[in-house]
Amino acid sequence: MTTAKFLEYMNSGRQVTAESGVHKTMHRLSQEAIRITMEITCKIFAERLYEMMGWDPVYRYRLQGVKIRYNNEQMYLFDLNAH
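The notes below deal with the structure included here. Quick caveat: nothing in here was measured; it's all calculated off a predicted structure. (Residues numbered from 1 in each chain as written. Predicted model: local features only at pLDDT ≥ 70, side-chain atom pairs only at ≥ 80, totals over all residues. Heavy atoms only, no water.)

## A look at the overall build of the protein
Point 1. Scanning the protein from terminus to terminus reveals three helices and two strands.
Point 2. Ordered by position from the N terminus, the helices and strands of the protein form the series α-α-α-β-β.
Point 3. Partitioning the contacts of the protein with sequence separation of at least 6, the portion at a separation of at least 24 is 35%.
Point 4. When the accessible surface of the protein is summed, it comes to about 7200 Å², and 50% of that surface belongs to carbon and sulfur atoms. (Helix = DSSP H or I, 4+ residues; strand = E, 2+ residues; numbered from the N terminus. Contact = heavy atoms within 4.5 Å. Areas by Shrake-Rupley, 256 points an atom, 1.4 Å probe, with all protein chains shown as cover.)

This is how it looks when you write it as structure tokens:
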């Protein structure tokens, strides 16, 4: 499954079933995940993220992302529902 097809499926809101192509792609991407530590330097983005997630700005939070390549660009995907 291509990354574009994977992202299209994930954005559709449809359920992912075990052993499907989407599930296998999720597993492959998670195995290729690179853990990085970085600080969000865009104040407006950070404020909106904290507000959206109901986070207390006094604390720091960690998210695990998956590095992917899409349209010849590298990006990280984060599952904000996991927190």
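## A word on the pairing of strand β2 (residues 73-78)
Point 1. Judged from the six bridges that link them, strand β1 (residues 65-70) and β2 form a sheet pairing that is antiparallel. Within β2, the residue paired with Val66 across the bridge is Leu77. (Pairing = 2+ DSSP bridges.)

## Looking at helix α2 (residues 21-31)
Within an α-helix, residues lying three or four positions from one another point in the same direction, as the helix has 3.6 residues per turn.
Point 1. Considered for burial, the residues of α2 that qualify are Val22, Thr25 and Leu29. Buried residues in α2, looked at end-on, bunch into an arc of 60°, giving them a common side.
Point 2. Those residues of α2 hidden inside the fold are in contact with α1 (3-12) and β1. (Buried < 20%, exposed > 50% of the residue type's maximum accessible area, 1.4 Å probe, protein only. Arc of directions from axis to C-beta.)

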